[in-house]
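These are the residues of each chain, in order.
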Amino acid sequence: MSSVETTAERICYITRVQSFCACHRLHSKSLSDEENKRTFGKCNNPNGHGHNYTVEVTVKGKIDKNTGMVMNLTDLKQIIEETIMKPLDHKNLDLDVPYFANVVSTTENLAVYIWDCMAEHLPPNTLFEIKMHETDKNKVIYRGE
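Reading the values: rules and limits
Residues numbered from 1 in each chain as written. Predicted model: local features only at pLDDT ≥ 70, side-chain atom pairs only at ≥ 80, totals over all residues. Heavy atoms only, no water. Axes fitted to C-alpha atoms, helices over the stretch in contact; angles between N-to-C directions. Helix = DSSP H or I, 4+ residues; strand = E, 2+ residues; numbered from the N terminus. Parallel < 35°, antiparallel > 145°, perpendicular 65-115°, else oblique. Left-handed = near helix turned anticlockwise from the far one by under 90°. Contact = heavy atoms within 4.5 Å. Pairing = 2+ DSSP bridges.

Turning next to the packing of helix α2 (residues 73-88) against helix α4 (residues 107-121). Viewed as axis vectors pointing N to C, α2 and α4 meet at an angle of 135°, and their least axial separation amounts to 10 Å. By the criterion of interaxial angle, the relationship of α2 to α4 is oblique. At the point where α2 passes α4, the crossing takes the right-handed sense. Of the residues in α4, those in contact with L76, I79, I80, T83, I84, P87 and L88 of α2 are L110, Y113, I114, C117, M118 and H121.

Below, the structure written as structure tokens:
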């Protein structure tokens, strides 16, 4: 057996990157208007503000011996289209996404929302990480914890 041949199963991580645009207002119903302004600053603008988000969806699994894949990227792309793009792209998160009616639409909570939606459509225990890029300098990572 050569050094590249093995009977051990190999685990691999694959990531699909997708961008979408959405607007929101950082505002907590449990805080006063003054506390919201102090906590969220310009992001508490009553008219909201927008982002060009980038999300990285990473799945983990055994490399299938027949296909050589952890998961077909075409299938992952379709799940992302249904669970991220359709409900979030070019939407007002606070008004158009029922989840955010009572949850502050921070990038942290957006990552949790995306995790929950993706986990419903992927095989069990394959979703590894959601990485959200709110700006070039602000990123959030959520791993289901």
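Next, the rest of the story.
Tracing the sequence through the fold places V57 in strand β2 (residues 49-62). On a C-alpha basis, the gap between V57 and W115 in space is 8.7 Å, while along the polypeptide they are 58 residues apart. Beyond its immediate chain neighbours, meaning those up to four positions away, V57 contacts I14, T15, R16, L76, I80, I84, M118, L127, E129 and I130.

In a beta sheet, neighbouring strands pair by backbone hydrogen bonds and run either parallel or antiparallel. Strand order in the open sheet formed by five strands is β3-β1-β2-β4-β5, and the pairing between neighbours is mixed. This sheet does not close on itself; its edge strands, each paired only once, are β3 (91-92) and β5 (139-142). Relative to β2, strand β1 (residues 11-24) runs antiparallel, the two being bridged by 14 bridges. The residue bridging H24 from the neighbouring strand is H49, located in β2. Across the face of the sheet, α2 comes into contact with β1, β2 and β3 while running at roughly 20° to β1. Contacts between α4 and the sheet are confined to β1, β2, β4 (127-133) and β5, with β4 contributing the most and set at about 145° to the helix.

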